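# Descriptive analysis of the structure
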Amino acid sequence: MYIPHPYTTHPVRAMNLNPIVLSIPIYFALIGAELLVERLQHQEKYRFHDAITNISCGMTSQISGVFLKVVVVGVYELLYEHFRLFDIPRTWATGLLLFVLADLCYYFAHRYSHEINFFWGGHVVHHQSEDYNLSVALRQSSLQGMFTFMFYLPLAVIGFETSFFVYVSALVTLYQFWIHTELIGKLGPLEWVLNTPSHHRVHHGRNPKYIDKNYAGTFIIWDRLFGTFQEEEETPVYGITTPVRSWNPVWVNFGHYFQMAEQLRQTPGLGNKLRVVFGRPGWRPAALGGPYQVPEVEVATYQKYCTTAPATVNWYVFGQYVVLLGVAAAFLFTQKDMTPALRWLVAGWCTWAALACGALFEAKRWGYWLEPLRLAASVGLLLLTLQHQPWLSAALAAGGVYLGGSLLWLYSFRRVFAPANKVAEAAYAQA
């Protein structure tokens, strides 16, 4: 699911308001409600490490969008200003028409993100989770917008004004949040027209019959029209055919391209190399065994990627993650007022913090040894940000308490990282 970054592109009013960011409190409220229902029904739909990684990917996606918006929305504005065929007014009728057309554009952007290997590298992040819950809706790539925004450009040429497109297309995105759940069954006649949790569960399945089906955003009619529809039958096994096996939000965004580079190195001939890049994911020449076959999987026997971290580590990461989410939210709402240098520093710190959480989940020794440096950098960034504010002294005191408490907590679970050989470390973080 691609989330376009919806900002107005007026050169004076600046691209500041993002409906996706404004909806974040609602997202977390609904995730909390789903967690409550999960507990009341004694089900297990969430795993802590997976949910944290999902949210980390959503956070880094929104942060990267701050820097990509100039290209993603700027090209649309350029086409609208110089090449539009009509001047379409803003009315309820044209809004409904734009919604349907934006959803159709989304269908093709989404479909080709599955059918072109290079584009798949920007979309695969959303499919990596082996669970299916509302946190998965937030698991977005930091790269995909660079590939898929071109599918929306015909709307600029037709004559839909930029900010009009931005906010209407955001509604297409917002609709798709609620369909990432297993708690809602089939919805009767609505299944014929709308994309529903049942239809989207199919899309996230890695069962051979479910792969590359149900690309719709809002209207499932596109899949029915273009031959990509599949009814939900047996319970899907979620994830991708080559599991990512990592909680590292940076690796999950770039790992596919490292694998593609290795495949290109092994593939002979320019034509074959081009097909590796622009053909379907999993393609390889006959000389190397032909396209990879998708294996059958069953819910009862499939083993999800899992690492076992002590409760002390999990609570530490949770505490650090609360701080991270607060900083990320503040950044997204105030970055327009930051200097370019500060904007890059805060964005880099947020990415570093998310990376650190994944490293601790996986018991990476480098994650433990770099954590004191990250904590010190956190306090330094806090003081740099508030250096001219009247509450600098209070910030200094709070930063000192945060640094000291975190270091003591970190010291308390040092034995987790004590194994000096890889065998012992692998036993701790076994899948």
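Each remark here, short or long, concerns the structure printed above.
This one's a predicted model, so the numbers in the text were calculated from it and none came from an experiment.

On to helix α3 (residues 48–83), then. Given a rise of 1.5 Å per residue, 36 residues ought to cover 52 Å, and the 49 Å separating the end C-alpha atoms of α3 matches this to within 8%. Of all the bends in α3, the largest measures some 65° and sits at Leu-68. In terms of burial, α3 is a largely internal element, 26 of the 36 residues being buried.

Our focus in this paragraph is the packing of aromatic side chains. This model, assessed by the stated rule, comprises 22 aromatic pairs. Aromatic side chains Phe-160 and Phe-164 sit 6.5 Å apart centroid to centroid with 45° between the ring planes, which places their arrangement in the tilted category. Here the two residues Phe-160 and Phe-164 agree in accessibility, since each one is buried. Relative to Trp-409, the ring of Tyr-316 has its centre 5.7 Å away and its plane inclined at 85°; by these criteria the two rings are edge-to-face. In this pair, Tyr-316 sits in helix α14 (residues 311–334) while Trp-409 sits in helix α17 (residues 392–412), placing the two residues 93 residues apart along the sequence. A connected cluster of aromatic rings, assembled from ring pairs, spans Tyr-107, Phe-108, Tyr-215 and Phe-226. Directly above the aromatic system of Tyr-80 lies the positively charged group of Arg-84, at a separation of 4.4 Å from the ring centroid.

Here the focus is helix α10 (residues 197–204). For the α-helix, the turn length of 3.6 residues means that residues three or four positions removed from each other point alike. Most of α10 sits inside the fold, with eight of its eight residues counted as buried. Those residues of α10 not exposed but buried are Pro-197, Ser-198, His-199, His-200, Arg-201, Val-202, His-203 and His-204. Packed against the buried residues of α10 are α4 (92–115), α5 (117–123), α6 (134–137) and α11 (221–226).

The subject of this paragraph is the packing of α3 against helix α15 (residues 340–361). Interhelical geometry of α3 versus α15 gives an angle of 165° and a closest axis separation of 10 Å. Regarding the angle of α3 to α15, the classification is roughly antiparallel. When the axes of α3 and α15 are compared, the crossing they make is left-handed. Together, Phe-48, His-49, Ile-52, Ser-56, Met-59, Thr-60, Ile-63, Val-66 and Phe-67 of α3 and Arg-343, Trp-344, Ala-347, Cys-350, Thr-351, Ala-354 and Phe-361 of α15 make up the contact between the two elements. The residue inventory of the contact of α3 with α15, partitioned by class, reads 11 nonpolar, four polar and one charged.

Now for the environment of Tyr-106. With respect to the helices and strands, Tyr-106 occurs in helix α4. When its relative accessible area of 2% is taken as the criterion, Tyr-106 is described as buried. Spatially, the C-alpha atoms of Tyr-106 and Tyr-132 are 22 Å apart, while their sequence positions differ by 26 residues. Engagement of the side chain of Tyr-106 in a polar contact is seen with the side chain of Gln-176, the distance being 3.0 Å.

Bringing the layout of surface pockets into the picture now. Taken as a whole, the largest pocket holds about 1000 Å³ of empty space. Trp-120, Thr-241, Thr-242, Pro-281 and Gly-282 are, among the 36 residues lining the largest pocket, the residues nearest its centre. Breaking the lining of the largest pocket down by element, the ones donating at least two residues are α5, α10 and α12 (249–266). Considering only residue class, the lining of the largest pocket consists of 15 nonpolar, 17 polar and four charged. By volume, the second largest pocket amounts to about 370 Å³. Together, 18 residues line the second largest pocket, and Val-327, Ser-378, Leu-381, Leu-382 and Thr-385 are the ones closest to its centre. Grouping the amino acids of the lining of the second largest pocket by side-chain chemistry returns 13 nonpolar, five polar and no charged.

About the criteria used
Residues numbered from 1 in each chain as written. Predicted model: local features only at pLDDT ≥ 70, side-chain atom pairs only at ≥ 80, totals over all residues. Heavy atoms only, no water. Helix = DSSP H or I, 4+ residues; strand = E, 2+ residues; numbered from the N terminus. Expected span 1.5 Å × (residues − 1). Bend = angle between axes of the 7 residues up to and from the residue. Buried < 20%, exposed > 50% of the residue type's maximum accessible area, 1.4 Å probe, protein only. Phe/Tyr/Trp six-rings, centres within 6.5 Å; stacked < 30°, edge-to-face > 60°. Lys NZ or Arg CZ within 6 Å of the ring centre and 35° of its normal. Contact = heavy atoms within 4.5 Å. Axes fitted to C-alpha atoms, helices over the stretch in contact; angles between N-to-C directions. Parallel < 35°, antiparallel > 145°, perpendicular 65-115°, else oblique. Left-handed = near helix turned anticlockwise from the far one by under 90°. Nonpolar A, V, L, I, M, F, W, Y, C, P; charged D, E, K, R; others polar. Polar contact = N/O pair within 3.5 Å; in protein donor to acceptor, adjacent residues only side chain to side chain. 1 Å grid on protein atoms, 1.4 Å probe; cavity = no way out; pocket = protein on both sides within 12 Å on 5 of 7 lines; lining within 4 Å. Points joined across faces, edges and corners; volume = space filled by probe spheres on them.

Shape is all these values report; function is a separate question.
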